[in-house]
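These are the residues of each chain, in order.
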Amino acid sequence: MKPVVIRVEKSTPGYGYMNSILRIDLTERKAYAQDSSLYLPVYIGGRGVAAKIAWDEYPTPVDPFDPANPIMIFPGALTGTRPPSNGRTSVCSFSPQAWPYNWFTRSNIGGWIGGNIKRAGYDGIIITGKAEKPVRIRIVDNEVTFLAAENLWGTDALEALETL
């Protein structure tokens, strides 16, 4: 697979927010930035923004394994700043864990990913679609690159990190 590089135009940051949500479509290998001022600062934090987007865009729940099911990765309002215990990032989607109901649910993680999303200039990332083959996504400021990941398929997390 030849790498696909997409240049994304972001909004101007302001009032503690980056004012852009990165949307990635794996099926079409497309990416664009959506203005996040529709949601911020009214819906504070990643979980609130993701829930509002799900409420607006998915009035009927989607099947957890449907390519239309969004994976939403949203850092908290203070993620990437210095206050203690602020580095949480919400990961939201319609999950099979709620079987037999296709409920929108969330989890959260710590670590560096939320701060890196903010430093790249985004308040969150929404991934939809289904790639033909395994892909990985590299985000560096205004560039989103789709790269082959067949060599990582079937490896465990530590092997994948070592390979990358």
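Presented here is an overview of the structure given in this document.

## Thoughts on the sheet that holds strand β6 (residues 104-109)
Strands pair in a sheet through their backbones, by hydrogen bonds, and they do so in one of two ways: parallel or antiparallel.
Part 1: What the six strands build is an open sheet, ordered β3-β2-β7-β4-β5-β6; its pairing is mixed. In the strand order of this sheet, the two ends are held by β3 (30-35) and β6, each with one partner. Pairs of neighbouring strands in the sheet enclose a mean axial angle of 20 degrees, with direction left out of account.
Part 2: Relative to β6, strand β5 (residues 89-94) runs antiparallel, the two being bridged by six bridges. Bridge pairing in β6 links C92 to R106.
Part 3: Its contacts with the sheet put helix α1 (residues 45-57) on β2 (20-25), β4 (71-75), β5, β6 and β7 (124-128), and the angle it makes with β4 is roughly 145 degrees.

## As for the packing of aromatic side chains
Part 1: Going through the model one piece at a time under the given rule, you end up with three aromatic pairs.
Part 2: Aromatic side chains Y58 and F94 sit 5.8 Å apart centroid to centroid with 65 degrees between the ring planes, which places their arrangement in the edge-to-face category. Placement of the pair is Y58 in the loop between α1 and β4 and F94 in strand β5, with a sequence separation of 36 residues. For the pair Y58 and F94, a shared accessibility class is recorded, and that class is buried.
Part 3: Relative to W103, the ring of Y101 has its centre 5.2 Å away and its plane inclined at 10 degrees; by these criteria the two rings are stacked.
Part 4: Residue Y101 is classed as partly exposed on the basis of its relative accessible area, which comes to 48%.
Part 5: Judged by its relative accessible area of 53%, W103 is exposed.
Part 6: Aromatic ring contacts, followed pair by pair, group Y58, F94 and F104 into a single cluster.

## Some remarks on the sheet that holds strand β1 (residues 4-7)
Part 1: The sheet built from three strands is open, its strands ordered β1-β9-β8 with antiparallel pairing. Only two strands of the sheet have a single neighbouring strand rather than two, namely β1 and β8 (135-140). Pairs of neighbouring strands in the sheet enclose a mean axial angle of 20 degrees, with direction left out of account.
Part 2: Bridge analysis of β1 against strand β9 (residues 143-148) gives four bridges, and the strand direction is antiparallel. Counterpart to V5 in the pairing with β9 is T145.

## Regarding the pattern of salt bridges
Part 1: With the rule as written, the count across this model stands at three salt bridges.
Part 2: Note that R23 is salt-bridged to E57, the shortest N-O span being 2.5 Å. With R23 in strand β2 and E57 in helix α1, this pair connects stretches of sequence that are 34 residues apart.
Part 3: On the accessibility criterion, R23 (12% relative accessible area) is buried.
Part 4: For E57, a relative accessible area of 33% puts it in the partly exposed group.

What counts, and where the lines are drawn
Residues numbered from 1 in each chain as written. Predicted model: local features only at pLDDT ≥ 70, side-chain atom pairs only at ≥ 80, totals over all residues. Heavy atoms only, no water. Pairing = 2+ DSSP bridges. Helix = DSSP H or I, 4+ residues; strand = E, 2+ residues; numbered from the N terminus. Axes fitted to C-alpha atoms, helices over the stretch in contact; angles between N-to-C directions. Contact = heavy atoms within 4.5 Å. Phe/Tyr/Trp six-rings, centres within 6.5 Å; stacked < 30°, edge-to-face > 60°. Buried < 20%, exposed > 50% of the residue type's maximum accessible area, 1.4 Å probe, protein only. Salt bridge = Lys/Arg side-chain N within 4 Å of Asp/Glu carboxyl O.

These figures come from the coordinates and say nothing about function on their own.
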